[in-house]
Each structure stands twice: as structure tokens, then as C-alpha cells.
Protein chains: 4
Amino acid sequence: MAITVTIVVGNPKPRSRTRIVAETLVQKLLEPGSYDLEVIDLADHTAEIFAWPSDELAALNARVAGSDLAVFASPTYKATYTGLLKAFLDRYPANGLAGVTAIPVHTGGDLTHAMGPTVTLAPLLAELGAIVPGRGFYFVAGQMDRLDELVEAAAAEYAANLARLATVAGSVRS
Amino acid sequence: MAITVTIVVGNPKPRSRTRIVAETLVQKLLEPGSYDLEVIDLADHTAEIFAWPSDELAALNARVAGSDLAVFASPTYKATYTGLLKAFLDRYPANGLAGVTAIPVHTGGDLTHAMGPTVTLAPLLAELGAIVPGRGFYFVAGQMDRLDELVEAAAAEYAANLARLATVAGSVRS
Amino acid sequence: MAITVTIVVGNPKPRSRTRIVAETLVQKLLEPGSYDLEVIDLADHTAEIFAWPSDELAALNARVAGSDLAVFASPTYKATYTGLLKAFLDRYPANGLAGVTAIPVHTGGDLTHAMGPTVTLAPLLAELGAIVPGRGFYFVAGQMDRLDELVEAAAAEYAANLARLATVAGSVRS
Amino acid sequence: MAITVTIVVGNPKPRSRTRIVAETLVQKLLEPGSYDLEVIDLADHTAEIFAWPSDELAALNARVAGSDLAVFASPTYKATYTGLLKAFLDRYPANGLAGVTAIPVHTGGDLTHAMGPTVTLAPLLAELGAIVPGRGFYFVAGQMDRLDELVEAAAAEYAANLARLATVAGSVRS
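Residues numbered from 1 in each chain as written. Chains lettered and ligands numbered in written order. Predicted model: local features only at pLDDT ≥ 70, side-chain atom pairs only at ≥ 80, totals over all residues. Heavy atoms only, no water.

Asks: Would you explain the overall build of chain A in this entry?
Replies: Summing up its helical and strand segments, chain A has five helices and five strands in all. Tracing chain A from N to C terminus, the helices and strands come up as β-α-β-α-β-α-β-α-β-α. Against the compact-globule benchmark of 16 Å for 174 residues, chain A has a radius of gyration of 16 Å, which places it among compact chains. In terms of overall dimensions, chain A has a C-alpha envelope of 45 × 40 × 30 Å along the principal axes. Put simply, chain A has 174 residues, and 64% of those count as buried. Here the contacts in chain A between residues at least 6 apart in sequence split such that 80% fall between residues at least 24 apart. Accessible surface, chain A as shown: approximately 6,000 Å² in total, 52% of it carbon and sulfur. In chain A, 13 side chains carry a positive charge and 18 a negative one; their mean positions are 5 Å apart. (Helix = DSSP H or I, 4+ residues; strand = E, 2+ residues; numbered from the N terminus. Rg over C-alpha atoms; globule rule 2.2 N^0.38 Å. Buried < 20%, exposed > 50% of the residue type's maximum accessible area, 1.4 Å probe, protein only. Contact = heavy atoms within 4.5 Å. Areas by Shrake-Rupley, 256 points an atom, 1.4 Å probe, with all protein chains shown as cover. Lys, Arg positive; Asp, Glu negative; His and termini not counted. Charge placed at Lys NZ, Arg CZ, Asp CG, Glu CD.)

Asks: Teacher, can you tell me more about the interface of chain B and chain A here?
Replies: A common way to express how large an interface is: the accessible area buried when the components associate. Taken together, the 41 residues of chain B in the interface contact 41 residues of chain A. Both sides of the chain B and chain A interface together cover about 3,500 Å² of buried area, and 59% of this is carbon and sulfur. Taken together, chain B and chain A are joined by two salt bridges. Where B:Asp68 meets A:Arg164, a salt bridge forms, and the shortest distance between an N and an O atom there is 3.7 Å. Across the chain B-chain A interface, the total number found is 17 residue pairs in polar contact (both at pLDDT 80 or more). (Buried area = accessible area lost by both parts, 1.4 Å probe. Salt bridge = Lys/Arg side-chain N within 4 Å of Asp/Glu carboxyl O. Polar contact = N/O pair within 3.5 Å; in protein donor to acceptor, adjacent residues only side chain to side chain.)

Asks: Quick question: what am I supposed to make of the sheet that holds strand S3 (residues 69-75) of chain C here?
Replies: Adjacent strands of a sheet form backbone hydrogen bonds with each other and so pair up, either parallel or antiparallel. Residue and element names in this part refer to chain C. On the basis of which strands lie adjacent, the open sheet formed by five strands has the order S2-S1-S3-S4-S5 and parallel pairing. Edge positions in the sheet fall to strand S2 (35-41) and strand S5 (137-140), since each of these pairs with one other strand and no more. Each adjacent strand pair in this sheet contributes to an overall mean axis angle of 20°, direction not counted. In terms of strand pairing, S3 meets strand S4 (residues 101-108) through seven bridges, oriented parallel. When the bridges of S4 are listed, alanine 73 appears paired with valine 105. In the packing of helix H2 (residues 55-65) onto the sheet, the strands contacted are strand S1 (3-9), S2 and S3, and the crossing angle to S2 comes to about 140°. Where helix H5 (residues 147-169) meets the sheet, its contacts fall on S4 and S5, and the angle it forms with S5 comes to roughly 175°. (Pairing = 2+ DSSP bridges. Axes fitted to C-alpha atoms, helices over the stretch in contact; angles between N-to-C directions.)

Asks: Please explain the pairing of strand S2 (residues 35-41) of chain B as it appears in this structure.
Replies: Across a regular strand the side chains alternate sides, sitting on one face of the sheet and then on the other. Residue and element names in this part refer to chain B. Pairing of strand S1 (residues 3-9) with S2 involves seven bridges; the strand directions are parallel. Note that in S2 the partner of valine 9 across the bridge is aspartate 41. Note on the crossover from S1 through helix H1 (residues 17-29) to S2: the handedness is right-handed. (Right-handed = clockwise from strand over helix to strand, strands pointing away.)

Asks: Can you help me understand the pattern of salt bridges in this one?
Replies: For side chains of opposite charge, pairing can occur when their charged atoms come near one another. Residues and elements named next belong to chain A. For the structure shown, the criterion picks out 48 salt bridges over all chains. For arginine 15, the salt bridge goes to aspartate 41, with nearest N and O atoms at 3.1 Å. Of the two residues, arginine 15 sits in the loop between strand S1 (3-9) and helix H1 (17-29) while aspartate 41 sits in strand S2 (residues 35-41), which places them 26 residues apart along the sequence. Its relative accessible area of 2% is what places aspartate 41 among the buried residues. Each of the salt bridges in this network shares a partner with another, and the network as a whole consists of Arg15, Arg19, Glu23, Asp41 and Asp44.

Asks: Would you take a moment to explain the relation of the copies chain C and chain A for this structure?
Replies: The pair of chain copies shares a relation made of a rotation about an axis and a shift along it. Each copy of the sequence occupies a distinct position, and chain C is placed on chain A by a rotation of 180° and an axial shift of 0.0 Å, giving an RMSD of 0.0 Å. Interpreted geometrically, this transformation is the action of a two-fold axis. Taking C-alpha positions as reference, the residue of chain C nearest the rotation axis is C:Gly83, located at 2.2 Å. (Least-squares fit on C-alpha atoms with pLDDT ≥ 70 in both.)

Shown next, in the form of C-alpha cells:
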């Protein structure tokens, strides 16, 4: 049965390179045909992001929380994820992403903020109950010509990590 | 086949409550008989921790790196893990814990530093290539009378997370 | 001459307790009559926060960047500052708060996220070039009856820190 | 009157480039003759670092806590400060660096871990009660030929920050 996958893009500008990086990561990580993908470009929802309640946002939040895998992708703003992405995540109650496998992705101009997805976005996703299968992925935006190669290396690491976790899962108490 | 499990205790004082918390977590998480456990109490190795090279420490480092699951447990010192635990981890090369499922555990006097294992130790383990299956676990040292109950709740969450990860692992590209 | 002080409140709900905590901190820290205070309640500006350009937001950003002292106050959302506050700070260019003395304040339900202002908001303000004179201040929202006492203790620490910094400033190369 | 300045070097190898970077920073920041400097190279004290009590370490801890300015300099190990530096700081009681102006310095091979001193060492120093006057300073070890230039730029920023803080200090309640 197909797993449910969602990409959440936190760039206030739509159709960004950040989105392309996240889409490529999903393609490289998962078997074609094994998943059902939806992309949520938060740039399309800024008008509603602070509305409360909002049926539109509630539906998006529910989609992500119900996913098996979610990729959260943000450009680097001030060394960390955008306020737009955080505002979306703020709408969840405590533990609102319980059980979702989540991959944090940041894009940035150079390596200066390469630690961002691992030290800022990953802990935020863990706080919400998500499970991050390894380091965060940081992509230098000027390397779009090496996109396939760099994303493949990251995907291979996540794939290996997920396989190893399955080994441990086999010994867990039922 | 039994999985390999290691507990690394970063308390400079041996046989600490921190060690007991970690041992209890392993017992609550895994099926009896399904794993081979070794406990490394770093308090027993302080004389060698800055020696280079050191056969003694190299053997310990190798044991942890070869584990399927490792629990890293530290009392809270200055809001984060101890220097002793960090000195042990510093001996690894880059990516030295690749593929190890790692659970960060801090103990502390009250909730003031409860974020510690999630925002400081978890990113450190991820930097080393380990996979942290959820939040870090923080245990208030004054609650030893509720040890079983509190650790069981945490173990149940890690167990559920590992099961969910196995779902995603099934769709990963081979 | 009066110094310029700004409070930025990151609560999506206006007139919050978080705002009161920040206002009290300024009162306890500074001599009456020695400063000119403006409070920016970001709840009043959510409709414009993702508009680009925006004269309204640009004026607010400029006010804060031109302050001698700015207090950034946020309720704790997912263990850290709100997306609303981050979205406001995202509008600055690199180093946009250069030279501003900045105090990070979080309010929260209990001590679980007490590390937040020190480990998440303070580094963000430093990244923008601001100077944080000590720890972040965390206030447990249920303790409004002890507001004066708790804020006075924090203000006394910031005051002592600022006095000590002046000692060092006297030896700096001109 | 001369201010008291201490450099604490957290490299397990003595006489490191990290030490030279810290020494250069002090020279560029302070007026010659205006300060009394001591350098503590923790590599010289590894045998005692986990001894308790230790007159030798207690004297070093007291020297740093009594300083007006302290520079804490560490090579980057696993994206953050060394275990050796942390073990030294662990010997302090809570708030043990109260009122000390502290500058965090990391050296590293490239920019990948440039966020380290700002997001990991600075919060640790703040937790101990120290005051960090700005961002942490990160130095790429391969740029020793540009040492003077790069350190001068950082020193100028700290100097400007300290001068600005003095402005705010003038309005603080007495």
C-alpha cells in the first residue's frame, strides 16, 4: 500500500528552489509508485496563516499530521527556518506531529548556516513528536547544477538510517 | 538474532541514578532475550579519556559504534550533557556513529533544563551520524519513586516511533 | 538624553500577559524619565507581516533597529519563540539589529521550556547583530501574582551585567 | 586601573592555533597596558580535570570567575566546543561566571560549523551567568595568513557593541 508523503515549503515566495530541492529528495528517497505525494507551498497560504480558526489551514495541518513521511523545507533566514514555516507549525497542539517521520531541509547561500536544519529545525520537529531519521539536510543554493548528485547522497544516508532503525524495531516490546 | 545495545553513562561519579534510569529505559523498551547489553560507565575511564591513542578507549568507542542501539545518559551540567560524555564522543572521527539508533537521556534536579536532551544532546548525536527516534528523554532525579511509570511512558513512545519508521522504510528505494 | 526603548511582542493575540511581563521588565530596569518607550504588538500587524514591501512594517523595523534597548517578548510555542515574531525579524537584512541591546523574554505554562529564550531567541538576536546582556528571561505565566518580585530579580541581574560591561568598555581600543 | 583578562583554551593539544587566535583577539580588542592577561591552556591540566577536589583546578576556576573579560576558545569538535572545555566549565557551581564578559571563539576547518560559537558556546556561557557581547567568533583555521585582518574586524564589532552597551548602562536604575 502506498505511504502518504507531504512536502511543506516555508518560503514566502512560491515555486522556490527550496521546493525543488525537497521534491528531488522525495524522488531520490522513495520507490516510484510507492507513495502518494502532496506539496504544500505555504506561500500560497500567507493570508490565512494567522487566522484562527481556519478550515483551509486546519486541512493542511491534518494532511501533514496524517503523513507517514513529511519533508519540511525552508530557505535559511537569520540562520534558521522562516517565520512562515514556524507559524504553520505553531498551529499544532502539543505533540501534533506524533509518529510522523520528518526530514528537515534548509537551503542557503553558503555553508555558514549549514548547522541550521540539524540544530534548529530538527529539535523543533522532535518537540512536535516527529521522528527525524538522521541529520538535517542543508543545500547550498548555488549548487543547483549538482542537485541530483548531492540529493542522492543525502537520500542514500536517510535510506540506510531507516533500514537500520527497522533492525532495532524488531526487538521492541510488543 | 540478538541486537547489540550499549549504554554510555557520562556521570563523573560511578553507579549513578543516571545509569539506573538508562538501564530501566532499555529494559522497558526491548524484549527480554532479544538483545546483548553492555554498560560503559565513563566514570571508570576518566584517567584515559584524554590519552591518545588509548587501546582501552578505542575498544569502548568501537563497541558503541557497532551497536544497533545506544543510550547516552548524562546528568545535566550547566543545562546540557557533561564534559566527560562530550570528551568520549570527541574521540570519534566524523560520522563515527553512522547508523546507530541513539537515545539521549538527561537527568536533572527540576524541569528547568528539560529541553537539554532534545536541543543539545540529540543534535550532537545526529552530527555523529546517529539516528535519534524522537525527543530526548529528561528525567527529574527526585522522581525515582515513579521511575517505572515515567520510563515506561517514554519507552512506549520510542517503540511507537520505531514501528512507524519501519512503515516508511518499506517504501525506500533499494 | 533619553535612550530609545522598544518592546516587540510576538503573541498573535493582542494585549497579552507576555506584553505585560515585558513592560514590567522595562519599568524595573530603567530609571523613570530616562527613556522613550514604544510598544509594538505584532498582533496588530499580522495582515501585513508577509507583505513585501510594506511601509507599515518597514517603519516598525526601523524603529526597533534604531533603539538603544529592545525587549523581544514571545509566548512559548513549540518550545521556542512564535512564528509571528520570527516573521517580523525575517524582514531585516543581515546584521539588521547591529548594536541594539536586546533582551529575550519567553512566557510559558511551566518550567519545561525555560531554556527557550537563552538557547533559541538569544542566538537569533545575536545572529542579527544585537547584544544580549545575559541569560534570556523566562516567566511562568501562572505566577502573575509574583510578577513584580520575579521581574525585579531579573532586572537587577541585567543591571549588574550592564554595569560590568561598562568596566570592560573602558579598556577597549579606540 | 588595569582590567583582568583570561583566555581559556579548550584544545587537548597545547600551543594550538586556537590559542593564537584568542591571543590575537585580545590584542586587537584592548588598549595595550590597560589589562592584565593570563592564558590557561587546558591541555596542561587534563590529568586533574576530573579530580575532585583539586587545588590546581580551583585556582584556575577562580581566576576566570574573577576576570572582567574572558575569552573561551575551542577547536570545533563534532560541531561544537570540546569536552575538555566543557569539563572545565562543569566545575563551576550554578551562575559561577556571573558578571564576566565572555567571548566565545571556535576554530574549524571550513564554514560548515560556523554557527557553533553562537548557538552552542554562547548559550553555555550565558547559562553560567556570563555576558556575551555579540555573536560568537568563528575562525577558519586555514586562514592564518589573514589572521590580523579577520580578527581586527571581529574585535571592532565587539568594541562597538561594548560602547553601545555603555549607553544603555547609563539609564539603568541604581
